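Descriptive analysis of the structure
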Amino acid sequence: MTLKLVIGNKNYSSWSMRPWLALRASNIAFEEVFIPLYTDNKADKERILSFTRSGKVPALIDGDITVWDSLAIIEYVAERFPQAKLWPEDRAMRAHARSISAEMHSGFMAFRSECAMNLHRPVRAVALSDDAQANIARIQEIWIDCRKRYGKGGPFLFGAFGGADAMYAPVVYRFRTYAIDVAPEAKAYMDAMLTLPAVEEWTKAGLAETLRIERIEAI
Ligand SMILES: N[C@@H](CCC(=O)N[C@@H](CS)C(=O)NCC(=O)O)C(=O)O
């Protein structure tokens, strides 16, 4: 039975992007169920609720198993498709990859709220709070440290593309959109992510969307 991934708008939904990218970049077949977000249409919210009582996307449906929440989905996919090697084989590296993924999942609130994902927004810097700037510094520290320690095997955080890259992919978009100044090592990582075919596919689909979420457009 084909996996189903319930997602929101590709232009805006960073949480949807993460498991979508983990699946697509690993060449795992799945069907997309698209539900537009933050419309005034109660039916859209009801549709999300019909898949997951969390009322949020993403959600993955695998037969009679439903997994919701981006990081839980990536963990599930890693377990279900071990050949995808979404986590590094080495235990220490795997612990590191999970730690930075969890840090992304639960943190960087100021940066996330001040620099929402919006693919079609023209590239333009905004004034950022001290907290958001501290988040940006920490993210760069994470990327540069991973690339220095584990980058010999490829251009991603742990060499080959994996779950941690999927978790940070929307941050790469945000750094670009909000013209964040980055160190050369971070720029090289961003370039590798932005030219990954699965990321290019998401970007193209997101840019083709015409739906607008006004409170995000206001940023
Ligand atoms: N912690 C969740 C966050 C999910 C989330 O906030 N999703 C947003 C879209 S990016 C959503 O579904 N919003 C719809 C709503 O709240 O009605 C995850 O990692 O999946």
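Everything that follows concerns the structure shown earlier in this document.
As the structure is a prediction and not an experimental result, all values here were calculated from the model. (Residues numbered from 1 in each chain as written. Predicted model: local features only at pLDDT ≥ 70, side-chain atom pairs only at ≥ 80, totals over all residues. Heavy atoms only, no water.)

Attention shifts here to helix 1 (residues 14–25). Counted at 1.5 Å a residue, the expected span for helix 1 with its twelve residues is 16 Å, and the 16 Å between its end C-alpha atoms agrees. Burial runs high along helix 1: nine of the twelve residues are buried. Within helix 1, burial applies to S14, S16, M17, R18, P19, W20, L21, A22 and L23. Downstream of helix 1 by a residue or two, N27 has a phi angle that is positive, lying close to 60 degrees. (Helix = DSSP H or I, 4+ residues; strand = E, 2+ residues; numbered from the N terminus. Expected span 1.5 Å × (residues − 1). Buried < 20%, exposed > 50% of the residue type's maximum accessible area, 1.4 Å probe, protein only.)

The strand order across the open sheet built from four strands is 2-1-3-4, with neighbouring strands paired in mixed fashion. If you trace the sheet from one side to the other, it starts and ends with strand 2 (30–34) and strand 4 (65–68), each paired once. On average, each strand axis in the sheet is inclined to that of its neighbour by 20 degrees, with strand direction left out of account. Sheet topology places strand 3 (residues 59–62) next to strand 4; four bridges connect them, and they run antiparallel. Looking across to strand 4, one finds that I61 is bridged to T66. Along the sheet, helix 1 makes contact with strand 1 (3–7), strand 2 and strand 3, crossing strand 1 at roughly 150 degrees. Here helix 3 (residues 70–80) sits on the sheet and contacts strand 1, strand 3 and strand 4; the angle it forms with strand 4, its principal contact strand, is near 130 degrees. (Pairing = 2+ DSSP bridges. Axes fitted to C-alpha atoms, helices over the stretch in contact; angles between N-to-C directions. Contact = heavy atoms within 4.5 Å.)

Taken together, S13, W15, L37, Y38, K45, G55, K56, V57, P58, D69, S70 and H105 make up the full set of residues adjacent to the ligand. Between an oxygen atom of the ligand and a side-chain N or O atom of K56, the distance comes to 2.8 Å. The backbone of V57 places a nitrogen or oxygen atom 2.8 Å from an oxygen atom of the ligand. The residue inventory of the shell around the ligand, partitioned by class, reads five nonpolar, four polar and three charged. (Near = heavy atom within 4 Å. Polar contact = N/O pair within 3.5 Å; in protein donor to acceptor, adjacent residues only side chain to side chain. Nonpolar A, V, L, I, M, F, W, Y, C, P; charged D, E, K, R; others polar.)

Looking at the secondary structure, you find Q140 in helix 6 (residues 130–150). Every residue in contact with Q140, bar those within four places of it in the chain, is listed here: F175, D181, V182, A183 and A186.

Relative to the assigned elements, E209 resides in the loop between helix 9 (197–208) and helix 10 (214–217). Measuring from C-alpha to C-alpha, the distance between E209 and T66 comes to 27 Å, with 143 residues separating the pair along the chain. E209 has contacts with N9, K10, N11, F34 and H120, leaving out every residue within four places of it along the chain. At 2.8 Å, the side chain of E209 forms a polar contact with the backbone nitrogen of K10.

Next up on the list: the nonpolar core. One finds L21, L60, W143, L157, F158, Y168 and F175 to be the most contacted residues of the largest nonpolar core, which totals 77 residues. In terms of residue count, the dominant contributor to this core is helix 7 (residues 163–177) (nine residues). Those residues in contact with L157, other than ones at most four positions away along the chain, are I100, W143, C146, R147, Y150, A164, D165, Y168 and Y189. (Core = buried A, V, L, I, M, F, W, Y, C linked by side-chain atoms within 4.5 Å.)

Now for unusual backbone geometry. Cis geometry is adopted by the peptide bond preceding P58, which originates at V57 and carries an omega value of 5 degrees. Relative to the helices and strands, P58 resides in the loop between helix 2 (42–51) and strand 3. At N27, a residue that is not glycine, the phi angle is positive and equals roughly 60 degrees. Checked against the element boundaries, N27 lands in the loop between helix 1 and strand 2. Judged by its relative accessible area of 73%, N27 is exposed.

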